[in-house]
Amino acid sequence: MITLKVNGKPRDVDEGLDLQSYLATIDVNMRFIAVGYNGQVIRKEDFADVKLNPGDALEIVRPVGGG
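What comes next concerns the included structure. (Residues numbered from 1 in each chain as written. Predicted model: local features only at pLDDT ≥ 70, side-chain atom pairs only at ≥ 80, totals over all residues. Heavy atoms only, no water.)

A look at the nonpolar core
Then, number 1: Ranked by internal contacts, the top residues of the largest apolar core, which has 18 residues, are Leu19, Tyr22, Leu23, Leu52 and Leu58.
Then, number 2: The contacts of Leu58, once residues within four sequence positions are left out, are Leu4, Lys5, Val6, Asn7, Leu19, Tyr22, Val35, Gly36, Tyr37 and Leu52. (Core = buried A, V, L, I, M, F, W, Y, C linked by side-chain atoms within 4.5 Å. Buried < 20%, exposed > 50% of the residue type's maximum accessible area, 1.4 Å probe, protein only. Contact = heavy atoms within 4.5 Å.)

Let's talk about the sheet that holds strand 1 (residues 2-6)
The strands making up a sheet associate through hydrogen bonds between their backbones, and the pairing can be parallel or antiparallel.
Then, number 1: Strand order in this open sheet of five strands is 2-1-5-3-4, and the pairing throughout is mixed. The open sheet has two edge strands with one neighbour each: strand 2 (9-13) and strand 4 (40-42). Each strand of the sheet is rotated relative to its neighbour by a mean of 35°, with strand direction disregarded.
Then, number 2: Relative to strand 5 (residues 57-61), strand 1 runs parallel, the two being bridged by two bridges. (Pairing = 2+ DSSP bridges. Helix = DSSP H or I, 4+ residues; strand = E, 2+ residues; numbered from the N terminus. Axes fitted to C-alpha atoms, helices over the stretch in contact; angles between N-to-C directions.)

Things to note about the side chain of Asp18
Then, number 1: Mapped onto the secondary structure, Asp18 falls in the loop between strand 2 and helix 1 (19-25).
Then, number 2: Buried charge Asp18 goes without a salt bridge, the closest partner of opposite sign being Lys51 at 4.1 Å.
Then, number 3: Here the side chain of Asp18 touches Gln20 through a polar contact of 3.0 Å, landing on its backbone nitrogen.
Then, number 4: With residues near it in sequence (within four places) discarded, Asp18 still touches Phe47, Ala48, Val50, Lys51 and Leu52. (Lys, Arg positive; Asp, Glu negative; His and termini not counted. Salt bridge = Lys/Arg side-chain N within 4 Å of Asp/Glu carboxyl O. Polar contact = N/O pair within 3.5 Å; in protein donor to acceptor, adjacent residues only side chain to side chain.)

Notes on the pattern of salt bridges
Then, number 1: Counting across every chain of the model gives two salt bridges.
Then, number 2: Between Arg43 and Glu45 there is a salt bridge whose closest N-O contact spans 3.1 Å.
Then, number 3: The exposed category is assigned to Glu45, whose relative accessible area is 54%.
Then, number 4: With its nearest N and O atoms 3.0 Å apart, the salt bridge here joins Arg43 to Asp46.
Then, number 5: Among the charged side chains, a network of salt bridges with common partners joins Arg43, Glu45 and Asp46.

Details of the pairing of strand 1
Then, number 1: The alternating pattern of strand 1 places Ile2, Leu4 and Val6 on a buried face and Thr3 and Lys5 on a face that is not buried.
Then, number 2: In the sheet, strand 1 pairs with strand 2 via five bridges, with the strands oriented antiparallel. The residue bridging Thr3 from the neighbouring strand is Asp12, located in strand 2.
Then, number 3: Taken together, strand 1 and the strand that follows it, strand 2, pair antiparallel across an intervening segment of two residues, in which Asn7 is found at a positive phi of about 50°.

In structure tokens:
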């Protein structure tokens, strides 16, 4: 297990996980999110190439409707 910071909170995840697999485990709709990884926005097509490491910081942003 490794510890990440996800939206400002510590989260333990399996070692060796990539970003796409992690997002699948938390059941997010990848069509409607943006992800910041250690301060940089990651393109959706690159999610599977990003290997998560101890201490990494993720910001997962979902659009909010309103008017």
